[in-house]
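These are the residues of each chain, in order.
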Amino acid sequence: MESLTIKAHFNGTEVVLDEPAVLEKDMKLLVVVLPNGTDTESEEWFIFSAEHFNSAFGDDEPEYGFENLIEVNPLYERR
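Residues numbered from 1 in each chain as written. Predicted model: local features only at pLDDT ≥ 70, side-chain atom pairs only at ≥ 80, totals over all residues. Heavy atoms only, no water.

## Observations concerning the pattern of salt bridges
Then, number 1: Across all of its chains, the model carries one salt bridge by this definition.
Then, number 2: The partner of aspartate 26 in a salt bridge is lysine 25, with the nearest N and O atoms 3.9 Å apart. (Salt bridge = Lys/Arg side-chain N within 4 Å of Asp/Glu carboxyl O.)

Next comes the structure, spelled out in C-alpha cells:
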C-alpha cells in the first residue's frame, strides 16, 4: 500500500481520525504531533515531509542496529 497522510486530533482520551480511512490490522503508522497553534503553512510542510519520509523506505527495508556499524562516530551522543 502506498503511504497516506490522514489528519487527526487527540480528544483527551484517544487519537481520532478527521477523515475516513481503511486501516488493516497491525498496519504500521507514523504519528507526527504538531504543536498547538500550528499555522496552516507549517502544518502543510509537516504533512509534506511525512509523506516523503515514508516514500524513502521500502516495505522490505531491513532494520539496522548499532551492531551493523563499521566505525562508531566518537562525537555522537547516544541518548
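## Things to note about the packing of aromatic side chains
Then, number 1: One pass over the structure, following the stated rule, counts one aromatic pair.
Then, number 2: Ring geometry for tryptophan 45 versus phenylalanine 48: centroids 5.6 Å apart, planes at 85 degrees, classification edge-to-face. Within this pair, tryptophan 45 and its partner phenylalanine 48 are both found in helix 1 (residues 40–55), separated by three residues, close to a single helical turn.
Then, number 3: For tryptophan 45, a relative accessible area of 51% puts it in the exposed group. (Phe/Tyr/Trp six-rings, centres within 6.5 Å; stacked < 30°, edge-to-face > 60°. Helix = DSSP H or I, 4+ residues; strand = E, 2+ residues; numbered from the N terminus. Buried < 20%, exposed > 50% of the residue type's maximum accessible area, 1.4 Å probe, protein only.)

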